Amino acid sequence: MVKFISVMLIVLLATCALGGEFVPFVIPADWPADAEINFTSPPIATDSARVIARDSHFYRDGKNGKRVRIWGVNLCFGACFPTHADAKRVANRLAAFGINSVRFHHMDNQKFPRGIWDASDPMKLSPEALDRLDYFIDQLAKKGIWSNINLHVSRSHSRYLKLPDPGEALRFDKIVDLFTPQLIAAQKKFARDLLARINKYRKVKYAADPAIAFVEITNEDSFFMWGGEQKVRNLPPFYAKILTGQFNAWLAKRYKTDLKFKGAWANGAEPLGANILPKMRLTGDTAWSLEQHGGCKAKADLLGRTAGVRIEINKANATRWHIQFRQAGLKVQKGKFYTLTFRAKATESREISLNMSQADRPWGSLGLQRTMKLSDEWQEFHAGFAATKTENNARLVFQVGGSKTPVYLADIKLQTGGRTGAQTDESIIKGNVALFAESETTARTHDRMRFLAETEKAYFDDMRTFVRKDLNCGALVTGTIVFGPLGLWAQSDMDFIDAHAYWHHPHFPGRPWDMGNWTVNQTAMVDNPDRSPLFNLAASRLKGKPFTVSEYNHPAPNDAQAECVPMITAFAAAQDWDGIWLFAYSHKTDAWDKKHFTSFFDIHANPAKWGFVPAGTSIFREAGIEPAAGKITVGLGDIAKLIDTHLTHDRDMIGVSKLTQKDILKRRISVSFGDKSETSGPPAAKKSQPNLSWTYFGDSPKCGIFGANWPAASVKVASIFDALNNSGHPQVETITALDSLPLHQSNRVLITLGGRCENTAMQFSKDRHTVGRNWGKAPVRIENPILPIPLLGLGDGLKCYALKPDGTRGAEVPIGKLLNASPKYKTMWYLLVRPKK
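So, here's what we can say about the structure. Here the residue numbers are simple positions, counted from 1 along each chain's written sequence. Since the coordinates come from a predicted model, pLDDT governs what is reported: local features require at least 70, and pairs of side-chain atoms require 80 or more to be given and counted, while whole-chain, interface and lining totals use all residues. Hydrogen atoms and water are omitted, and side-chain values are computed over all heavy atoms in the structure.

**What about the side chain of Gln 415?**
- Only DSSP runs of H or I reaching four residues or more are called helices, and only runs of E reaching two or more are called strands; each is numbered from the N terminus. Along the chain, Gln 415 turns up in strand β21 (residues 407–417).
- Side-chain polar atoms of Gln 415 contact the backbone oxygen of Gly 273, separated by 3.1 Å. In the analysis that follows, any N or O atom pair within 3.5 Å is treated as a polar contact, provided that within protein one partner can donate a hydrogen and the other can accept it, and provided that, for residues neighboring in sequence, both atoms belong to side chains.

Laid out in structure tokens, this is it:
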């Protein structure tokens, strides 16, 4: 395989100077029955065998039930409720391309037609939305497509229950819905209203319908999610009181008396040591400095005789880190405790953030991240942390952007030590123990982390019991995605484990989701294996449980977006995962006939992704790339060890597992709870033939090469460098058997090629990082390279046809040992046919 990839690379580099030509390639919404690409699946009747979890994977129920791999897409908002006529068309197109599951996402956000709620009563479900959903699920089932129902994604139940607003940081009731009784009750009511409903077209309750194969409790929701600690620290009073009360009850059950709990927390207390910060100055080798981004402007001046500074902000945007006041060149030791103290004020109420991080690549956090609310009066702040790494060039950063309100800082000290246990007046008998205290002992931190993990797990276990037993729902239930080792532990009794990943999610430097002010990073994942999220996904799989990725995308308009489907499907097939749902097919009720793409995520009109979905079907769903022969299971230890590793590595499961990329490319990976780690295989005969190969050479630019091979599929992704435009992007090639036979025996082989993909008249910025609102117009166009493709090992006597965008045959293409792909064929699909003997 390595030789095969090297040949491909040489060919690519030799021909890239010939360039490519953009040609229209609009894949129609109405997929013809006579198309050469037309996968089929058996219909799902109301008495069909259910999908079950067994032996770490999905199977059809029954003695001889076959293994099932889920190859799906997300539908969001109004796209969950197509008209009856559109429902048939959408189901037909999805099935023909090999999709066998739809994840119904964000349907709980708005009133009909953008959501499931009644326009006149936001506490009730819309009858018309339910009718459309019933019919759509039925049409999907007739095409062999299972449904994945998301119970909570973006509904703010607190708003309609007239509870206090959790705030923008806890948008959609995230985190607070894990412990607030009223919100949990609202989630159960919604689950009952939907899953206990009888589908009028299938004459069976959703809960009893085999077509409803999966239920997700709440999307991306955990105490340990992105910024989780800060969100929990800064809970609004109503929610903080509930969680603190539960924490005190937990402590009382654990320790029984104040004497025991205070004694436990006193272990590890230490006095404050020396200040490691230099004297406040704005010039010289040890000066503090201002860092400004995104056009922001600020000025720092010393405050007279005090050891302080005034930061005048002349221009700011909505992003706080775009103005930073920082001190670099600091030294910290892994595991050592530090206490930061300072005084601060502003001319009016505002927030600032602070962190301790590496001052050079990879700019990693060193254990301190806080958000502080300032007033117009001086306040003293304290923040304690244990350094997560030893670093000789650490930086202390105050992020003061996001507002033009001036900030005053004084008496900044960073001292070793300072850990304290329970405060003198804290009592579990009185129930007044705070959830957080600055500069706390390890024992206090551990108790809080354990309480949060147990609270989260209790919520998910209770919700799963409610769905499976109280509602008698036969669907497999997952809670939310994996957020580090403690998040995984909280999910450990779900039916399957789920995760999400994106390559270069769009960035919004100003207002969140401002569609006129955004960027995407124009780098290819193939060139950056060290930054790929695929390896962290692999290390998130729990032994004994099916593993899925229910959101994945390389958002448009990245020039490398064609690498998305081939790389995730090949990687998942080699790791032997159980499901992938691409994000997303569509977000709109009435955009099915679009002839160009107009957003980052929707793929239905984007041939760089949708055009590779049939290849993905063969690669992953049909196991065209066979699983790696060996296995590694890493034992993560008991709950105490999980807390330690979470505090050190946060959500970095590669760091938690201590696995290398080489380990993951060669073997199937999982983790377990307990100390035992296991390694097996691959057999000696296969040691020189790993299923995956991924490497890169060069530095500026990097040129990556990714390959996966045999028995019924081949994937190759390699970067080419465009010297004229001083930029690079991948050329993607998949060779897949449409009949699931090994490639050298297959009678119908599909070759899919991809490069860049753009709409007509798309207006990129000079650096190609954004198009703002100028997404262009129809038709969407693909880059057609002049590319010779070796047909080694496929046998003789093949005939080749260029397929039209509707999947029917176009011109016959002459071939020998090479297929000479060319823009003159105006296609990304070539069909090889082996004549019948």
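**A short note on the pattern of salt bridges**
- The salt bridge criterion pairs a side-chain nitrogen of Lys or Arg with a carboxyl oxygen of Asp or Glu, the two atoms within 4 Å. In total, this model carries 52 salt bridges according to the counting rule given.
- Taking the shortest distance from any N to any O, the salt bridge between Asp 578 and Arg 67 comes out at 3.2 Å. Taken together, the residues Asp 578 in the loop between α12 (564–575) and β25 (579–586) and Arg 67 in strand β4 (residues 67–68) connect sequence positions 511 residues apart.
- Only protein chains enter the accessibility calculation, which uses a 1.4 Å probe; a residue is then buried when its area is under 20% of its type maximum, exposed when over 50%, and partly exposed in between. We classify Asp 578 as buried; its relative accessible area is 0%.
- Connected through shared salt-bridge partners, Arg 67, Arg 69, Asp 576, Asp 578 and Arg 668 make up one network.

**Some thoughts on the pairing of strand β27 (residues 667–672)**
- Taken across its six residues, β27 has six buried, putting it largely inside the fold.
- Pairing between two strands requires that DSSP report at least two bridges joining them. Relative to β27, strand β26 (residues 630–635) is paired through six bridges, and the arrangement is parallel. Directly across from Gly 630, in β27, lies its bridge partner Arg 667.

**A short note on the packing of aromatic side chains**
- Any Phe, Tyr or Trp ring, taking Trp's six-membered ring, that has another such ring centre within 6.5 Å forms a pair; planes under 30 degrees apart are called stacked, those over 60 apart edge-to-face, and the others tilted. Evaluation of the coordinates by the stated rule reveals 48 aromatic pairs.
- Ring centres of Phe 247 and Trp 265 lie 6.5 Å apart, and the angle between their planes is 20°; on these two criteria the pair is classed as stacked. With a gap of 18 residues between them, Phe 247 in helix α7 (residues 237–255) and Trp 265 in helix α8 (residues 258–266) connect regions that are remote in the sequence. Each member of the pair, Phe 247 together with Trp 265, is buried.
- Centre to centre, the rings of Phe 597 and Trp 775 are 6.1 Å apart; their planes meet at 80°, and the pair counts as edge-to-face. Here Trp 775 lies in the loop between β34 (757–760) and β35 (777–785) and Phe 597 lies in the loop between β25 and α13 (607–610), a separation of 178 residues in the sequence.
- Look at Phe 597 and you get buried, because its relative accessible area is 2%.
- Here the aromatic cluster, defined as three or more aromatic residues joined through ring pairs, consists of Tyr 502, Phe 508, Trp 513, Trp 518, Phe 583, Phe 597, Phe 600, Phe 601 and Trp 775.
- In this scheme, Lys NZ or Arg CZ marks a charge over a ring once it lies within 6 Å of the ring centre and within 35 degrees of the ring normal. One residue, Arg 768, lies across the ring of Phe 764, its end atom 3.9 Å from the ring centre.

**A word on the nonpolar core**
- In terms of nonpolar packing, the biggest core is built from 182 residues, with Leu 94, Phe 104, Ile 116, Trp 577, Trp 610 and Trp 829 touching the most fellow members.
- Here, two residues are considered to be in contact whenever any of their heavy atoms come within 4.5 Å of each other. Among residues more than four places away in sequence, those in contact with Phe 104 are Leu 75, Cys 80, Leu 133, Phe 136, Ile 137, Leu 140, Ser 147, Asn 148, Ile 149 and Asn 150. To define a nonpolar core, start from buried Ala, Val, Leu, Ile, Met, Phe, Trp, Tyr and Cys residues and group those joined through side-chain atoms within 4.5 Å.

**Things to note about the sheet that holds strand β12 (residues 289–292)**
- Taken together, five strands build an open sheet; the order of strands is β12-β15-β20-β17-β18 and the sheet is antiparallel. A single partner strand is all that each edge strand has here, and the edge strands are β12 and β18 (365–374). Recorded for the sheet is a direction-independent mean angle of 25° between the axes of neighbouring strands.
- In terms of strand pairing, β12 meets strand β15 (residues 323–332) through four bridges, oriented antiparallel. Bridging across to β15, Gln 292 finds its partner in Ile 323. Angles here are taken between N-to-C directions and fall from 0 to 180 degrees, while the axes themselves are lines fitted to C-alpha atoms, restricted in helices to the stretch in contact.

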